[in-house]
Amino acid sequence: MELDDLGGLGADFFGAHAHQRRRRADVLASGVFGMEAGAKFQAYEAILQSFDWSFVAAARRLAPELAIAVLGPTPSHRRLDARTLADALLLGAGMVHWHDVELSGDDVARAHAAGLLVCTYTTDDEAGLRGGAAMGLDAMCTNDPGHMVKLRDAGRLRRGDR
């Protein structure tokens, strides 16, 4: 397997979409909450992440300079517990990207203590967005980014405001 052949999305695909990669990296690096947590990834144009942790590991071996994250839960990593965090760190992940309803504030604190950023998918309602900010999430995926930005600009997405 070569990195240029990942799922048919080789160098031509990534080259053609370089402007989009830079924009996504800028968005992640600046953070929805206006935080500096994205600084860990600012030097990268893209973050490779997958639910298939063995794929992430293989890609990392081929290109150690990649910024990587792992998605979950998975059948072998159902909870964001100490074993899951240790496995993510062994892969060289800088972030865990977890289903929003599967996380608690303690999970986020444990991941942060391990040195990992925490991102969630997919939160669209105000209660979930505010709750995620209160738990100290570093980033959140949403299908309604305009709504999220309005909440942020109105001061309603403050980290740690439980």
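Use the structure listed above.
Residues numbered from 1 in each chain as written. Predicted model: local features only at pLDDT ≥ 70, side-chain atom pairs only at ≥ 80, totals over all residues. Heavy atoms only, no water.

Counting secondary structure elements, the protein contains 7 helices and 5 strands. Each helix and strand of the protein, ordered N terminal to C terminal, gives the series α-α-β-α-β-α-β-α-β-α-β-α. The proportion of buried residues among the 162 residues of the protein is 41%. Counting only contacts in the protein whose residues sit at least 6 apart along the sequence, the fraction spanning at least 24 positions is 46%. (Helix = DSSP H or I, 4+ residues; strand = E, 2+ residues; numbered from the N terminus. Buried < 20%, exposed > 50% of the residue type's maximum accessible area, 1.4 Å probe, protein only. Contact = heavy atoms within 4.5 Å.)

Helical geometry: 3.6 residues make up each α-helical turn, so side chains three or four residues apart lie on a common side. Taken together, the buried positions of helix α4 (residues 82-91) are occupied by Thr84, Leu85, Ala88 and Leu91. Seen end-on, α4 carries its buried residues on one side only, within an arc spanning 120 degrees. Opposite the buried face of α4, at more than 90 degrees from it, the exposed residues are Ala82 and Leu90. As for α4, its buried residues are in contact with α3 (53-62), β2 (67-72), β3 (95-99) and α5 (105-113). A positive phi of about 90 degrees marks Gly92, the residue just after α4. (Arc of directions from axis to C-beta.)

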